[in-house]
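Coordinate analysis (summary)
For reference, the chains in residue letters:
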Amino acid sequence: MNPAEWFSEISDELWPGQCFSLKVKSVLHEERSKYQDIKIVQSESHGVVLILDGIIQCTERDEFAYQEQISFLPLCCHPNPQKVLIVGGGDGGVAREVAKHPSVTEVHQVEIDERVVELSKQYLPFMACGFDSPKLRLTIGDGFEYMKQHEGVFDVIITDSSDPIGPAESLFRESYFELAKRALRPNGVICSQGGSFWLDPAHVRSTLDYCRKHFPRVAYGLAAVPSYPTGQIGFFIASLNPETKFAEPCRTFDEKEIDRLGLRYYTTDVHRAAFTLPRFAAKALYE
């Protein structure tokens, strides 16, 4: 926080030479948990904002775009996603969205930082309502260890992590994708937060390459989220089914179903468009 009461998201490691700033009305909470610095602020234009280690994780204004895409892209690429694992996602937003999908019967979530869950319930109830679903079973612990103990269990695994520094760094390595593969049922699908090709296409490409070593079908999908650096974020998505066509969802929804599910960003058309990349990005990531 600077004297003008602005929060500026500065990271020479992740986005050197640029930053995103929000004018802050008040600081609702700040502490150092066992794993990270946690700050929650009331902003002037974006509502309540969750900040971990100085990096914005979500804002009340646009969080739904990220939560819906990271959830419904993989869910709708699987023909019958019944049992889903969420790694991370301590704010509850992904759980909120996954539980909406008509085929999902069980949502298992493992989050390493209990304080993020507790504080989200207190300050971000519009997201933490996801923890109230009867489909959800929440475990506080390490995602690596959890998957080691649950081989061949899940139809879909969604990794909602922070950026690849600090506690989330290991979630972008090849060993993570190998472990996720073993935790899936046949034809299972995974999806992970994938950063932005505008910032570091080499890192996005290297992570995709790690994923390609373990999955026959791999792609990178997009969402527009104004409060994230560059206004866009991507997702690594992969399937054990070599016949998967990511841009053509297995499950489609008409407008009435979209409204009934309470979706504000995701539609079947948005799903298809998410996998159409600008030419320079497609060349950098796929050729």
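By the naming in an unreviewed UniProt entry, the protein chain goes by Spermidine synthase and is assigned to Anopheles darlingi. The record held by UniProt for the protein chain lists under Sequence similarities (unreviewed entry) the comment "Belongs to the spermidine/spermine synthase family."

Across its full length, the protein chain carries 10 helices and 12 strands. The principal-axis extents of the C-alpha atoms in the protein chain amount to approximately 55 × 45 × 40 Å. Residues classed as buried in the protein chain amount to 55% of the 287 residues present. For the protein chain, the proportion of contacts with a sequence separation of at least 24, taken over those separated by at least 6, is 67%. Accessible area of the protein chain: about 12,200 Å², with a carbon and sulfur share of 49%.

Moving on: the sheet that holds strand β1 (residues 6-10). The strand order across the open sheet built from 5 strands is β1-β2-β3-β4-β5, with neighbouring strands paired in antiparallel fashion. Of all the strands in the sheet, the pair left with one neighbour each is β1 and β5 (55-59). Between one strand axis and the next, the sheet turns through 50° on average, direction left out of account. Bridging between β1 and strand β2 (residues 19-32) involves 5 bridges; their strand directions are antiparallel. Counted as the bridge partner of Phe7 is Leu22 from β2. In the packing of helix α3 (residues 114-123) onto the sheet, the strands contacted are β2, β3 (37-43) and β4 (48-52), and the crossing angle to β2 comes to about 105°.

Spatial ordering of the open sheet is given by β8-β7-β6-β9-β10-β12-β11, a layout of 7 strands whose pairing is mixed. Looking at the sheet topology across the chains shown, the edges are occupied by β8 (136-140) and β11 (217-224). Within this sheet the neighbouring strands show an average axis-to-axis angle of 15°, counted without direction. By the bridge criterion, 5 bridges tie strand β7 (residues 106-111) to β8 in an arrangement that is parallel. If you follow Gln109 over to β8, its bridge partner there is Leu138.

Turning our eyes to something else, we now look at unusual backbone geometry. Backbone geometry at Asp53 places phi at a positive 50°, although glycine is not the residue there. Residue position: Asp53 is located in the loop between β4 and β5. The class of Asp53 is partly exposed, set by a relative accessible area of 35%.

Think of an α-helix as 3.6 residues a turn; residues three or four steps apart then line up on the same face. Residues of helix α6 (residues 174-183) that are buried: Tyr176, Phe177, Leu179, Ala180 and Ala183. Buried residues of α6 fall within an arc of 160° about the axis and therefore sit on the same side. Close packing links the buried residues of α6 with β6 (83-88), α5 (143-148), β9 (154-160), β10 (184-193) and α7 (201-212).

Inspection of the secondary structure puts Ile56 in strand β5. Classification of Ile56 by relative accessible area gives buried; the value is 4%. Between the alpha carbons of Ile56 and Ile40 there is a distance of 9.6 Å; along the sequence they are 16 residues apart. Here Ile56 is in contact with Phe7, Glu9, Phe20, Leu22, Val49, Leu50, Ile51, Ser227 and Tyr228, once residues within four sequence places are set aside.

Following the criterion strictly, the structure yields 18 salt bridges and no others. In this structure, Arg272 engages Glu248 in a salt bridge whose closest nitrogen and oxygen atoms are separated by 3.0 Å. One end of the pair, Arg272, is in helix α9 (residues 268-274); the other, Glu248, is in the loop between β12 (232-239) and α8 (255-261), with 24 residues separating them in the sequence. Since its relative accessible area comes to 41%, Glu248 is described here as partly exposed. Each of Glu63, Arg96, Glu97 and Lys100 takes part in one network of salt bridges that share partners.

Turning our attention to the environment of Phe253. Take Phe253: it is sitting in the loop between β12 and α8. A relative accessible area of 8% places Phe253 in the buried class. Measuring from C-alpha to C-alpha, the distance between Phe253 and Thr268 comes to 6.3 Å, with 15 residues separating the pair along the chain. The residues touching Phe253, leaving out its near neighbours within four places in the chain, are Phe72, Cys76, His101, Pro102, Ile258, Leu261, Tyr266 and Thr268.

Reading the values: the criteria
- Residues numbered from 1 in each chain as written.
- Predicted model: local features only at pLDDT ≥ 70, side-chain atom pairs only at ≥ 80, totals over all residues.
- Heavy atoms only, no water.
- UniProt positions renumbered as here; feature names shortened; annotations may be inferred.
- Helix = DSSP H or I, 4+ residues; strand = E, 2+ residues; numbered from the N terminus.
- Buried < 20%, exposed > 50% of the residue type's maximum accessible area, 1.4 Å probe, protein only.
- Contact = heavy atoms within 4.5 Å.
- Areas by Shrake-Rupley, 256 points an atom, 1.4 Å probe, with all protein chains shown as cover.
- Pairing = 2+ DSSP bridges.
- Axes fitted to C-alpha atoms, helices over the stretch in contact; angles between N-to-C directions.
- Arc of directions from axis to C-beta.
- Salt bridge = Lys/Arg side-chain N within 4 Å of Asp/Glu carboxyl O.

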